[in-house]
Amino acid sequence: MTPSAPTPSTAELTRQRLTQAAFEVVRDQGWANASARNIAAQASVSQALVFYHFGTVDDLVAAASDLAVTDAIAAQRPLLADASTLTELVHAGRALSDQHRSDGNTSFMAQVMAAAQHNATMAAAAARALQLWENEIVGALRRITGTGVAGELLDVEDLAPLITAAFVGTELYGGIDPTAPDRASRVLESVGQFAAALDELGPAPKRVLKSAVRRIRRRWSQQVSPASG
């Protein structure tokens with residue numbers, strides 16, 4: 001017999017109601033209206049419980065952000081896992097973006113990132129959200145490019161933040177220009193097609209390409225190193 005899950009305590013239920021209410025208020029009314037009064041009213045609880053459970057409104061919204069990102073990744077991880085090429089990863093990213101817009105995650109994160117420009121707690125929450133998505137993309141990229149030429153030529157650790165930024169930026173931009181996601185997807189798809197073409201090269205062209213990339217990287221390193229020092 002499978003043991004049943006423990007019943008959440010009253011305190012846990014209150015925290016859940018508050019984090020969900022914070023998400024809804026920020027999503028629907030914007031960061032400027034994320035007051036303890038508005039969030040408590042949305043959760044149908046006493047305003048004092050916001051401070052009792054979270055200390056500050058900023059910390060409550062940050063908790064809502066952490067939960068929203070964690071839940072989104074858990075729900076959508078299978079979509080990333082099914083991608084076997086860079087092009088398929090781009091398609092998965094587009095599907096994620098569409099889902100995020102429909103469920104309000106994009107609107108919520110846009111508010112968090114806007115607030116992050118002048119609020120340290122929101123900046124930390126935004127950074128955690130981006131890092132969680134970046135970790136997922138790093139894993140997918142390593143799996144997809146690990147056995148091909150692209151994996152030898154592309155630095156996955158450097159490519160992952162670029163793809164993460166592209167996905168996030170496209171989501172936010174899509175709220176202003178509905179054509180942006182389609183245009184961005186086409187560009188990213190061309191990168192995937194380029195990577196696929198590399199894997200079809202013969203042994204000799206692959207060696208030439210790898211040698212050229214190594215030379216370019218050495219020159220770039222020599223140019224950057226003095227400036228960084």
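Residues numbered from 1 in each chain as written. Predicted model: local features only at pLDDT ≥ 70, side-chain atom pairs only at ≥ 80, totals over all residues. Heavy atoms only, no water.

Chemist: When you look at the environment of L80 in this model, what are you seeing that I'm missing?
Modeler: Within the secondary structure layout, L80 lies in helix 4 (residues 57-81). The exposure class assigned to L80 is buried, which follows from its relative accessible area of 6%. C-alpha separation for the pair L80 and G139, spaced 59 residues apart in sequence, amounts to 9.4 Å. (Helix = DSSP H or I, 4+ residues; strand = E, 2+ residues; numbered from the N terminus. Buried < 20%, exposed > 50% of the residue type's maximum accessible area, 1.4 Å probe, protein only.)

Chemist: In this structure, what is going on with the pattern of salt bridges? I would like to understand it.
Modeler: Here the idea is simple: oppositely charged side chains can pair when their charged atoms come close. One pass over the full model with this rule turns up 3 salt bridges. Here R27 ties to D28 by a salt bridge, and the two come within 2.7 Å at their closest N and O atoms. Close ionic contact of R77 with E136 constitutes a salt bridge, the shortest N to O distance being 2.9 Å. Taken together, the positions of R77 in helix 4 and E136 in helix 7 (residues 120-145) put the pair 59 residues apart, joining distant regions of the chain. With a relative accessible area of 41%, R77 lands in the partly exposed category. (Salt bridge = Lys/Arg side-chain N within 4 Å of Asp/Glu carboxyl O.)

Chemist: Would you take a moment to explain unusual backbone geometry for this structure?
Modeler: Most peptide bonds adopt trans geometry, and most residues besides glycine take a negative phi value. The backbone phi angle of S44 is positive, close to 60°, even though this residue is not glycine. Checked against the element boundaries, S44 lands in the loop between helix 2 (36-43) and helix 3 (48-54). A relative accessible area of 61% means that S44 is categorised as exposed.

Chemist: What is the right way to look at helix 1 (residues 10-29) in this model?
Modeler: Residue pairs three or four apart in sequence face the same way in an α-helix, which turns once every 3.6 residues. Between the first and last C-alpha of helix 1 there are 27 Å, a value that for 20 residues agrees with the 28 Å anticipated at 1.5 Å per step. Regarding helix 1, the residues found buried are T14, L18, T19, A21, A22, F23, E24, V25 and V26. Downstream of helix 1 by a residue or two, G30 has a phi angle that is positive, lying close to 90°. (Expected span 1.5 Å × (residues − 1).)

Chemist: What is the right way to read the confidence of the model for the chain from this model?
Modeler: Averaged over all residues, the pLDDT of the chain equals 79, while 69% of them reach at least 70. Put simply, helix 8 (residues 149-153) is where the chain has its lowest mean pLDDT, 59, and helix 2 is where it has its highest, 97. (pLDDT = per-residue confidence, 0-100.)

Chemist: Would you mind showing me how to read the environment of F23 here?
Modeler: Within the fold, F23 resides in helix 1. On the basis of relative accessible area, F23 is assigned to the buried category, the value being 8%. Separated by 42 residues in sequence, F23 and S65 place their C-alpha atoms 7.3 Å apart. When near neighbours in sequence (up to four residues on either side) are disregarded, F23 contacts A64, A68, D103, G104, N105 and F108. (Contact = heavy atoms within 4.5 Å.)

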